[in-house]
Amino acid sequence: GMYAAGLCMGIALARHACPIGIDWPRMPLLQVPIYPCVDVFSSFPSKQRLASGWILSEKLIALGLSHWTGRGDEERVQRMKRDPRLALSQAPPFLLKAFPPTLLVTGEFDPLHDEGTAFSLALLHAHVPVEHLEARGMLHGFLGLMGVVPAARREGERAFDALRSAAVNLINGNAAAAPLAAAHFQVPPGLGSAGKPLAQASSGPGEFKRHRSLE
């Protein structure tokens with residue numbers, strides 16, 4: 001499992017641990033990105049719409065990015081912008097198809113919402129088994145609020161239920177079913193065919209929107 005800012009490194013490690021053609025027993029069996037930062041230099045609509053007042057602000061994102069790039073090091077910034085590991089929703093399918101099955105969690109009111117959704121779509125296009133769970137009404141970091149916010153507890157428990165189901169499938173040797181159960185390719189609502197957000201996707205109050213696909 002991978003959480004927030006550490007996801008860029010964790011997902012990159014998962015990708016390097018799963019080179020194309022490697023035997024399945026040596027691969028990570030599952031990756032679980034939780035409200036991931038997967039497009040470091042992106043400007044998705046959710047980053048603009050939720051730039052302030054939603055815990056993770058535009059200023060905090062810029063501060064975190066500055067620790068990666070180095071202040072005033074434009075050459076390093078340009079080099080990083082060319083690194084596909086820092087723009088995974090835009091990476092070509094041949095780079096993404098080696099990823100393990102993915103259970104991805106996003107929050108509706110997280111500035112990172114759209115890039116997480118776009119990443120799930122990119123994985124689907126690369127025929128990687130994906131289950132995308134969107135927590136309605138949740139902020140960035142909502143799992144850390146489970147002890148004090150009932151809605152966060154409810155949404156967090158649903159995410160952990162999905163993780164438990166995926167783990168049971170893996171333990172029972174049914175890797176193809178973890179984390180997915182459906183068998184139809186589905187483009188998540190609100191995204192175009194190239195993974196670009198068009199509008200905020202919606203679901204019922206307090207419910208997860210699930211995007212499932214298994215090639």
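Our structure is the block above this text.
Each chain carries its own residue numbering, running from 1 in the direction its sequence is written. For a predicted model such as this one, the threshold for reporting local features is a pLDDT of at least 70, and the threshold for listing and counting side-chain atom pairs is 80 or more; totals across whole chains, interfaces and linings nevertheless cover every residue. Each side-chain value is worked out from all heavy atoms of the structure, with water and hydrogens disregarded.

A.B. asks: For this particular structure, what's the right way to read the overall build of the protein chain?
C.D. replies: Along its length, the protein chain carries 7 helices and 5 strands. Taken from N to C terminus, the helices and strands of the protein chain fall in the order β-α-β-α-α-α-α-β-α-β-α-β. Across the 215 residues in the protein chain, those meeting the buried criterion constitute 49%. Here, two residues are considered to be in contact whenever any of their heavy atoms come within 4.5 Å of each other. Within the protein chain, residue pairs in contact and separated by at least 24 positions form 77% of the contacts whose partners lie at least 6 positions apart. Note that accessible areas follow from Shrake-Rupley with a 1.4 Å probe, and for residues the cover is restricted to the protein chains shown. When the accessible area of the protein chain is evaluated, it comes to approximately 10500 Å², of which 59% is carbon and sulfur surface. Every helix listed is a DSSP run of H or I at least four residues long, and every strand listed is a run of E at least two residues long, numbered separately from the N terminus. Burial here depends on accessible area, computed with a 1.4 Å probe over protein chains only, as a share of the maximum for the residue type. Under 20% is buried, over 50% is exposed, and the range in between is partly exposed.

A.B. asks: I keep staring at the nonpolar core and nothing clicks. Help me out?
C.D. replies: Considering soluble globular proteins, one finds that nonpolar side chains tend to be buried as a cluster. With 17 residues, the main nonpolar core has Ile 34, Val 105, Phe 142 and Leu 143 as its most contacted residues. Sorting the residues of this core by element identifies β3 (102–109), β4 (130–139) and α7 (150–171) as the ones contributing at least two each. In terms of residue count, the dominant contributor to this core is α7 (5 residues). The set of buried Ala, Val, Leu, Ile, Met, Phe, Trp, Tyr and Cys residues whose side-chain atoms join them within 4.5 Å is what this entry labels a nonpolar core. Ala 91, Phe 99, Phe 119 and Val 130 belong to the second-largest nonpolar core, a separate cluster that totals 13 residues.

A.B. asks: Honestly, the side chain of Thr 102 in this entry has me stumped. Any pointers?
C.D. replies: Structurally, the position occupied by Thr 102 is in strand β3. Under this definition, polar contacts are N or O atom pairs within 3.5 Å; protein pairs additionally need one hydrogen-donor-capable and one acceptor-capable atom, and for neighbouring residues in sequence, both atoms have to be side-chain atoms. Among the polar contacts listed, one links the side chain of Thr 102 to the side chain of Gln 31, at a separation of 2.9 Å.

A.B. asks: Would you take a moment to explain the layout of surface pockets for this structure?
C.D. replies: Unoccupied space between atoms shows up once a probe the size of one water molecule is rolled over them. Method remark: on a 1 Å grid restricted to protein atoms, a set of points is classed as a cavity if a 1.4 Å probe fits but cannot get out and as a pocket if it is open with protein on both sides within 12 Å along at least five of seven lines; lining residues have an atom within 4 Å of a point. Grid points are joined across faces, edges and corners, and a volume is the space filled by probe spheres set on the points. Estimates place the volume of the second largest pocket at around 200 Å³. In this structure, the second largest pocket is lined by Val 40, Phe 41, Ser 42, Ser 43, Lys 47, Gln 48, Ala 51, Glu 58, Ile 61, Ala 62, Leu 65 and Pro 111. Put simply, the parts of the chain that give the lining of the second largest pocket at least two residues each are α2 (45–49) and α3 (58–69). Top element by residues in the lining of the second largest pocket is α3. It accounts for 4 residues. Residues are grouped as follows: nonpolar covers Ala, Val, Leu, Ile, Met, Phe, Trp, Tyr, Cys and Pro; charged covers Asp, Glu, Lys and Arg; every other residue, Gly included, is treated as polar. Class assignment of the residues belonging to the lining of the second largest pocket gives a composition of 7 nonpolar, 3 polar and 2 charged.

A.B. asks: Looking at this structure, I do not really get the packing of aromatic side chains. What am I missing?
C.D. replies: Think of a pair of aromatic rings as described by two things: how far the centres are apart, and how the planes are tilted against each other in angle. Stacked, tilted and edge-to-face are the three classes applied to pairs of Phe, Tyr and Trp rings, where Trp contributes its six-membered ring and a pair requires centres within 6.5 Å; stacked means planes under 30 degrees apart, edge-to-face means over 60, and tilted covers the rest. Going through the model one piece at a time under the given rule, you end up with 3 aromatic pairs. When the ring of Phe 99 is compared with that of Phe 119, the centres are 6.1 Å apart and the planes differ by 80 degrees; the resulting orientation is edge-to-face. One end of the pair, Phe 99, is in the loop between α5 (93–96) and β3; the other, Phe 119, is in helix α6 (residues 113–125), and 20 residues separate them in sequence. Both residues of the pair, Phe 99 and Phe 119, belong to the buried class.

A.B. asks: Explain the pattern of salt bridges to me, please; I cannot follow it from the model alone.
C.D. replies: Pairs can form between side chains of opposite charge whenever their charged atoms are close. Salt bridge, as used here, is a side-chain nitrogen of Lys or Arg placed within 4 Å of a carboxyl oxygen of Asp or Glu. One pass over the full model with this rule turns up 6 salt bridges. Residue Glu 108 pairs with Arg 136 through a salt bridge whose shortest N-O separation is 2.6 Å. In this pair, Glu 108 sits in strand β3 while Arg 136 sits in strand β4, placing the two residues 28 residues apart along the sequence. Salt bridges here are not isolated pairs; linked through shared partners, they connect Arg 154, Glu 155 and Arg 158.

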